[in-house]
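Examination of the molecular architecture
Listed below, chain by chain, are the residues.
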Number of protein chains: 2
Amino acid sequence: MSELHDIAKVAREASYIMASLGSDIKNKALANVASALLSAKDEIFSANRIDLEEAEKAGLDTPLIKRLKFNDDKINDVVSGIESLIGLEDPVGKVTLKTSLDDGLELTRVTCPIGVIGVIFESRPDALVQIASLCIKSGNAVFLKGGSEAINTNKVLASVISKAGIEAGLPEGWLNLLTLRSEIADMLKLDEYIDLIIPRGSNSFVQYIMQNTNIAVLGHADGVCHTYIDAEANPATALKVALDAKTQYVSVCNATETFLINESLKDTFLPEFIDTLKNAGVEVFGDSYVSSRFGLTEVTEWHHEYLAMKCSVKIVKDVEEAISHINHYGSGHTDAIITENKQTAERFMTMVDSGSVLVNCSTRFADGFRYGFGAEVGIATSKIHARGPVGLEGLVSYKYRLIGNGDIVRPYCDGTKNFKHIHHEI
Amino acid sequence: MSELHDIAKVAREASYIMASLGSDIKNKALANVASALLSAKDEIFSANRIDLEEAEKAGLDTPLIKRLKFNDDKINDVVSGIESLIGLEDPVGKVTLKTSLDDGLELTRVTCPIGVIGVIFESRPDALVQIASLCIKSGNAVFLKGGSEAINTNKVLASVISKAGIEAGLPEGWLNLLTLRSEIADMLKLDEYIDLIIPRGSNSFVQYIMQNTNIAVLGHADGVCHTYIDAEANPATALKVALDAKTQYVSVCNATETFLINESLKDTFLPEFIDTLKNAGVEVFGDSYVSSRFGLTEVTEWHHEYLAMKCSVKIVKDVEEAISHINHYGSGHTDAIITENKQTAERFMTMVDSGSVLVNCSTRFADGFRYGFGAEVGIATSKIHARGPVGLEGLVSYKYRLIGNGDIVRPYCDGTKNFKHIHHEI
């Protein structure tokens, strides 16, 4: 603990220097990281081979091994990711408010880095590169704790990236790799030095993090996403979107888990809908009506994330019942309505309390890359700070700058002077 | 606990309806509240008399009794506050991002209320009215727990305001008054229903709140604010600003507690500075040099908020040492530099990690009303969500709305379609 405490103190100091770096140094650091990664290819690949051998010995599933693998394709991907990050606007130093409080007393609100960020991520070495790059661009110091299966690869990557950054002018201690699982619990206690934790991983893991730290957490535990098919839905749209939302990629947080069907569609749309899902290989669970009518298993828990070719189907009376079901059983992540009625769509979007509310399209769109943010830090279900898919702007805060010329408050308090409060367009 | 739990469930449902209200209904509710308060004057004043009698019996300090008193002046103040709130722009429903992901697939980011807010505030009945009004304007449901000394006044106010709101179209359960101190601990556990806690009050109380809830907290524990007087300060500016920052009103969080003086000013500015403070009735504590030279008591703890006619004075080598002292001992609230050197000022503003950083003016300016926000929810020292003086925008979040026409992600994944990501000016 005390060692981590000392490292955190250094990281905190580094964060102040990170906050003062201009875009040129940050972009130079990013370019340096990209070329250093390409130069250190062999070293990275041989460390990765050790991780892969261990993973195979341990009998890891094929998809996990695929994510763990760091090869030429992956390195090219992360390098092109870094290049596009260089091209993005600097999220720091943007003026977002400008008010003259009085003659010569000028207030501005300016974006600044958050400070020190702790990221806990799955066994995917490319995630380490992405997160480190995002932290450079946004001027934050960072603690990284990757999945233990990738430990050898991560050690090499962290060392290469840290050095390449420092050579370009980043301060010592801007990047810190944690290698022991026990260090996660220690990190969660460092609220004096760490401003934000971003946990990625399983539902239960993220919940553990959220419940065991006083540090703010950006992320989401589960993604129980809904698609409601309204009485006034276009049936062809509904079928097409529903299939995509459920089956296009099942193991992700923005896949639809529950379909809510307006009861007026019971004898028209519903039978074809159930058939279409079944034909696509989806196992359907239903409410008491749906399960008994179609001979399906009944749903016992509506707040349930399958992450598999399975889904729940429920009949609802109207959009109000759909909204109420979603707000009660959903996770505030992403929910969609299929309807041709604009008023119903508006009602749904206003009342559903989720980070993304969609009309006539697939819940799978709710993602930082698809939303055009260039980079995604994660998807947040909290309503405090960043919400929904979070890009670089989730890694910045702001501060107020007030510049005067010997101004004091006394004359404004005794009424001899009055504020002008002239708000300027940005 | 279980009763509060049930009330919180109702408040959560009410919050969805609050989120759907147009500006007209919210402004009508505010107008209704204002006139209901004026009509219920006698009832409010007589409840307040009971509180005042109890307070006098209990021997409360005069300033506390002054804050507790609710008379014609106070009611006129809160009513004019409500009227100016009606005139402010609705913070909900603002479009803050607009991107065409592809033809006919339109993404917008729209501000929305946070949901349910819990506010714990001092024994000041006018605070109840202000907070309730801010929650109406921002469309949030609210739990209110005021200081116990104001309980009779608060009960009447809450009942009048709640009813007046409901008559104008707000949902039942939008406002809930807690009357028992034990209910605070219960409220802190309701993370399923409450999105944000705003505690106002003493340092230790706010710290207790922050450490005992998983709900996000907006606020600040202490305000250890600094004014650094640089080698290139204008001495007259420094004296004038320092006096205002320390003495204009001592019991507030944005009063300066520590002065940092550049060592080059030891034999020029320093003696006059110490004299000026003493003559104004300020008890000065110093570092070892200052205390021994001027015969003062030595400071033992630099992270100290006097909230009195007392201050600490320290000699620092340069702006770097000042920055480092502030980041180490400050509370991230408000810090000022006095200098004529623009580069030094810029360095200070960039490196000092506080919600407000000021140049050549008094720390006492750091306040939502003075910043021109119209209303202040509180001052936040966290860097997550709202920071610094927080106006209505601290009571809103946002959601993403995506409207398509049967769009699915599959063609974008298999490469048959590409995103256009056309960003529109707001």
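Residues numbered from 1 in each chain as written. Chains lettered and ligands numbered in written order. Predicted model: local features only at pLDDT ≥ 70, side-chain atom pairs only at ≥ 80, totals over all residues. Heavy atoms only, no water.

Within chain A, the secondary structure is distributed over 15 helices and 18 strands. By principal-axis analysis of the C-alpha atoms, chain A measures approximately 75 × 70 × 35 Å. Residues counted as buried form 61% of the 426 residues belonging to chain A. Of the roughly 16600 Å² that chain A leaves accessible, carbon and sulfur atoms contribute 49%. Charge separation in chain A, taken as the distance between the mean sites of 41 positive and 57 negative side-chain charges, equals 2 Å. (Helix = DSSP H or I, 4+ residues; strand = E, 2+ residues; numbered from the N terminus. Buried < 20%, exposed > 50% of the residue type's maximum accessible area, 1.4 Å probe, protein only. Areas by Shrake-Rupley, 256 points an atom, 1.4 Å probe, with all protein chains shown as cover. Lys, Arg positive; Asp, Glu negative; His and termini not counted. Charge placed at Lys NZ, Arg CZ, Asp CG, Glu CD.)

This part covers the nonpolar core. Membership of the largest hydrophobic core comes to 69 residues, with the highest contact counts inside it found for A:Leu37, A:Ile44, A:Ile161, A:Trp174, A:Tyr371 and B:Leu402. Considering every element that reaches this core, the biggest residue donor is helix α6 (residues 125-138) of chain A, with eight residues. The contacts of A:Leu37, once residues within four sequence positions are left out, are A:Ile44, A:Ile75, A:Val78, A:Ile82, A:Val129, A:Leu157, A:Val160 and A:Ile161. Membership of the second largest hydrophobic core comes to 68 residues, among which are B:Val33, B:Ile131, B:Leu175 and B:Ala336. (Core = buried A, V, L, I, M, F, W, Y, C linked by side-chain atoms within 4.5 Å. Contact = heavy atoms within 4.5 Å.)

One open sheet holds the eleven strands; their spatial order is β18(A)-β1(A)-β2(A)-β17(A)-β14(B)-β13(B)-β8(B)-β9(B)-β12(B)-β10(B)-β11(B), and the pairing between them is mixed. Looking at which strands have only one partner, the edges of the open sheet turn out to be β18 (422-423) of chain A together with β11 (297-298) of chain B. In the sheet, strand β1 (residues 95-102) of chain A pairs with β18(A) via two bridges, with the strands oriented antiparallel. Bridge assignment links A:Ser100 to a residue of β18(A), and that residue is A:Ile422. The strands touched by helix α14 (residues 342-351) of chain B within the sheet are β17 (396-407) of chain A together with β8 (225-229), β13 (334-338) and β14 (356-361) of chain B, with β17(A) carrying the most contacts at an inclination of about 145 degrees. (Pairing = 2+ DSSP bridges. Axes fitted to C-alpha atoms, helices over the stretch in contact; angles between N-to-C directions.)

Turning our eyes to something else, we now look at the relation of the copies chain A and chain B. Between chain A and chain B, which share one sequence, the superposing operator has a rotation angle of 180 degrees and an axial displacement of 0.0 Å; the RMSD is 0.0 Å. Here the copies are linked by what is in effect a two-fold axis. Taking C-alpha positions as the reference, the residue of chain A nearest the rotation axis is A:His385, at 1.9 Å. When the interface residues of chain A are mapped onto chain B, 100% of them again fall at the interface, so both copies present the same face. (Least-squares fit on C-alpha atoms with pLDDT ≥ 70 in both.)

Another point: the interface of chain A and chain B. Note: interface size is frequently given as the accessible area lost on complex formation between the parts. With 77 residues of chain A at the contact, the number on the chain B side is 77 residues. At the junction of chain A with chain B, the criterion picks out six salt bridges. Put simply, A:Arg12 and B:Asp353 hold a salt bridge, and the shortest N to O gap is 3.7 Å. When residues of the side of chain A that touches chain B are assigned to their parent elements, the largest contribution, eleven residues, is made by β17(A). For the side of chain A that touches chain B, the class distribution of residues is 36 nonpolar, 24 polar and 17 charged. Alignment of β17(A) against β14(B), held across five bridges, turns out to be parallel. For A:Leu402, the partnering residue across the bridge sits in β14(B) and is B:Leu358. (Salt bridge = Lys/Arg side-chain N within 4 Å of Asp/Glu carboxyl O. Nonpolar A, V, L, I, M, F, W, Y, C, P; charged D, E, K, R; others polar.)

Residue and element names in this part refer to chain A. Residue placement: valine 284 occurs in strand β10 (residues 283-286). Measuring from C-alpha to C-alpha, the distance between valine 284 and serine 46 comes to 45 Å, with 238 residues separating the pair along the chain. Among all residues touching valine 284, those that are not within four sequence positions of it are Ile274, Leu277, Leu296, Thr297, Cys311 and Val313.

This part takes up the confidence of the model for chain A. Chain-level pLDDT for chain A is 94 on average; 100% of the residues reach the 70-or-more range. Among the prediction metrics, the complex's ipTM stands at 0.91, with pTM recorded as 0.91. (pLDDT = per-residue confidence, 0-100.)

Our focus in this paragraph is the packing of α6(A) against helix α7 (residues 151-167) of chain A. Residues and elements named next belong to chain A. Look at α6 against α7: their axes get within 9 Å of each other, and the N-to-C directions meet at 20 degrees. Taken as axis vectors, α6 and α7 run roughly parallel relative to one another. As α6 packs across α7, the resulting crossing turns out to be right-handed. Facing Pro125, Leu128, Val129 and Ala132 of α6, the residues of α7 in contact are Thr153, Asn154, Leu157, Ala158 and Ile161. Its residues assigned to classes, the contact of α6 with α7 shows seven nonpolar, two polar and no charged. (Parallel < 35°, antiparallel > 145°, perpendicular 65-115°, else oblique. Left-handed = near helix turned anticlockwise from the far one by under 90°.)

All names here are of chain A. If you check the backbone angles, histidine 421 has positive phi at about 45 degrees while not being a glycine. Looking at the element boundaries, histidine 421 is found in the loop between α15 (410-413) and β18. The class of histidine 421 is partly exposed, set by a relative accessible area of 21%.

With that settled, the discussion passes to the side chain of A:Asp244. As for its position among the elements, A:Asp244 is in helix α10 (residues 235-247). Nearest to the buried, unbridged A:Asp244 among oppositely charged side chains is B:Arg410, at 4.5 Å. Leave out the neighbours within four places in its chain, and A:Asp244 touches A:Ser362, A:Arg364, B:Ile408, B:Val409 and B:Arg410.

Residue and element names in this part refer to chain A. If you check which residues of helix α9 (residues 203-211) are buried, you get Phe205, Val206 and Ile209. The arc that holds the buried residues of α9, viewed along the axis, is 95 degrees, so those residues lie on one side. Exposed side chains of α9 directed beyond 90 degrees from the buried face belong to Ser204 and Gln211. (Arc of directions from axis to C-beta.)

Inspection of every chain in the model, using the stated rule, returns 36 salt bridges over all chains. Residue B:Asp353 is joined to B:Arg387 by a salt bridge in which the shortest nitrogen-to-oxygen separation is 3.1 Å. Of this pair, B:Asp353 sits in the loop between α14 and β14 while B:Arg387 sits in the loop between β15 (378-380) and β16 (388-390); the two residues are 34 residues apart in sequence, bridging distant segments of the chain. Here B:Asp353 falls in the buried class, since its relative accessible area comes to 18%. The class for B:Arg387 is buried, based on a relative accessible area of 1%. When salt bridges that share partners are traced, they join A:Arg12, A:Asp195, B:Asp353, B:Lys383 and B:Arg387 into one network.

Another point: the packing of aromatic side chains. As enumerated under the stated definition, the model contains 20 aromatic pairs over all chains in all. Seen in terms of ring centroids, A:Tyr371 and B:Tyr400 are 5.3 Å apart; in terms of plane orientation they differ by 45 degrees. Their pairing is tilted. Here A:Tyr371 is found in the loop between β14 (356-361) and β15 (378-380), whereas its partner B:Tyr400 is found in strand β17 (residues 396-407) on a different chain. With relative accessibility at 0%, the residue A:Tyr371 sits in the buried group. (Phe/Tyr/Trp six-rings, centres within 6.5 Å; stacked < 30°, edge-to-face > 60°.)

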